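Structural overview
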Amino acid sequence: KDTIQGVLDLVPAGGAWTEGCFADLSVDKTVANSTGTQVQLDRESFDIGSNFNTSTYLYTIPSDGYYFVHWQLGWGVPGVGRYESWITKNDVQAFIPDGFTGTGNRGTGEAPQINMWTTIAQFAEDDYLKLWAWHNSGSTETLHMNASAGVYGGTWLNVWKVSGL
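Described in the following lines is the structure provided in the data block. (Residues numbered from 1 in each chain as written. Predicted model: local features only at pLDDT ≥ 70, side-chain atom pairs only at ≥ 80, totals over all residues. Heavy atoms only, no water.)

1. Describing the overall build of the protein
Worth spelling out the cut-off: Helical segments are the DSSP runs of H or I of at least four residues, strand segments are the runs of E of at least two, and each set is numbered from the N terminus. The buried label applies to any residue whose accessible area, calculated with a 1.4 Å probe on protein chains only, is under 20% of its type's maximum; exposed applies above 50%, and partly exposed to all values in between. For this analysis, residues touch if any pair of their heavy atoms sits within 4.5 Å. Only the protein chains shown count as cover for residues, and the accessible areas themselves come from Shrake-Rupley with a 1.4 Å probe.
If you tally the helices and strands in the protein, you get 1 helix and 16 strands. A burial count over the protein gives 44% of its 165 residues as buried. Sequence-distant contacts in the protein: of pairs separated by 6 or more residues, those separated by 24 or more amount to 75%. A total of about 7,900 Å² of accessible surface is found on the protein, and carbon and sulfur atoms cover 51% of it.

Printed below as a string of structure tokens:
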């Protein structure tokens, strides 16, 4: 069993993890103002089944089933504006959670902000997932890699198959 924050116990299909990945940024990346930008996740910590592509930044679903999808965008200290993230399935927006509004308190000791979301959803073989970022702060913003932003501030995507159909 794997425990997510001590609340949810997941037993993977067949009793062993056979499909899943954790992909993140190898360097900080920028996001232009008011432009939906695919997050260039170009590094893998692991990729069971080799389904994440670090050149196209997408995860291809290897078999029909239910998947746990968890992602985080680690923004710097945000300016004033909206900050959002979403997942597309086959290039169509599929999971569009609420974002947050930056306060613009740069230089006042305000901590970096994150978008973090989780879903469990049904996918079919060969569906593909991409992570996107958007903001309207009026200037270019930075998404941080894990090492540059500390424990909670990095940018990543985590996908696990939890059950077949």
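There's more to say after this.
2. Digging into a nonpolar patch on the surface
This is how it is decided: Like-charged residues are merged into a patch within 9 Å and nonpolar side chains (Val, Leu, Ile, Met, Phe, Trp, Tyr) within 5 Å, provided each residue has over 30% relative accessible area and no salt bridge. The rule for a salt bridge is simple: a side-chain nitrogen of Lys or Arg has to be within 4 Å of a carboxyl oxygen of Asp or Glu.
On the surface, a cluster of nonpolar side chains totalling about 300 Å² of accessible area is made up of Tyr-66, Ile-120 and Leu-165. Structurally, Tyr-66 can be placed in strand β9 (residues 65-74).

3. Brief notes about the side chain of His-135
Heads up, the condition is: Here a polar contact is taken to be a pair of N or O atoms separated by no more than 3.5 Å, where protein atoms must pair a possible hydrogen donor with a possible acceptor and residues adjacent in sequence count only if both atoms sit in side chains.
Mapped onto the elements of the fold, His-135 is located in strand β14 (residues 128-135). Taking the relative accessible area as the measure of exposure, His-135 reaches 0% and is therefore buried. In terms of polar contacts, His-135 uses its side chain to reach the backbone carbonyl oxygen of Ala-32, at 3.3 Å. In this structure the side chain of His-135 is engaged in a polar contact, spanning 3.4 Å, whose partner is the backbone oxygen of Ser-139.

4. Brief notes about the packing of aromatic side chains
The cut-off we apply is this: Only the six-membered ring of Trp is used, alongside the rings of Phe and Tyr, when aromatic pairs are assigned; centres must lie within 6.5 Å, and planes under 30 degrees apart are stacked while those over 60 apart are edge-to-face, with the rest tilted.
Taken as a whole and judged by the stated rule, the model has 6 aromatic pairs. Here Tyr-67 and Phe-123 contribute two aromatic rings whose centre-to-centre distance is 6.0 Å and whose plane-to-plane angle is 65°, an arrangement assigned as edge-to-face. Of this pair, Tyr-67 sits in strand β9 while Phe-123 sits in strand β13 (residues 114-123), and the two are 56 residues apart along the sequence. For the pair formed by Tyr-67 and Phe-123, the shared burial category is buried. Clustering of aromatic rings is evident, with ring pairs tying together Phe-22, Phe-46, Trp-156 and Trp-160.

5. Focus on the side chain of His-144
Structurally, His-144 is set in the loop between β15 (141-143) and α1 (146-149). The buried category is assigned to His-144, whose relative accessible area is 17%. A polar atom in the side chain of His-144 sits 3.2 Å from the side chain of Asp-28.

6. A short note on the pairing of strand β11 (residues 92-95)
How we decide: Two strands make a pair as long as DSSP finds a minimum of two bridges between them.
Across 3 bridges, strand β10 (residues 80-89) lies against β11 in antiparallel orientation. Bridge pairing in β11 links Lys-89 to Val-92. Taking the residues that link successive antiparallel strands as the turn, the β10-β11 hairpin has 2 residues, and the phi of Asn-90 there is positive, at about 55°.

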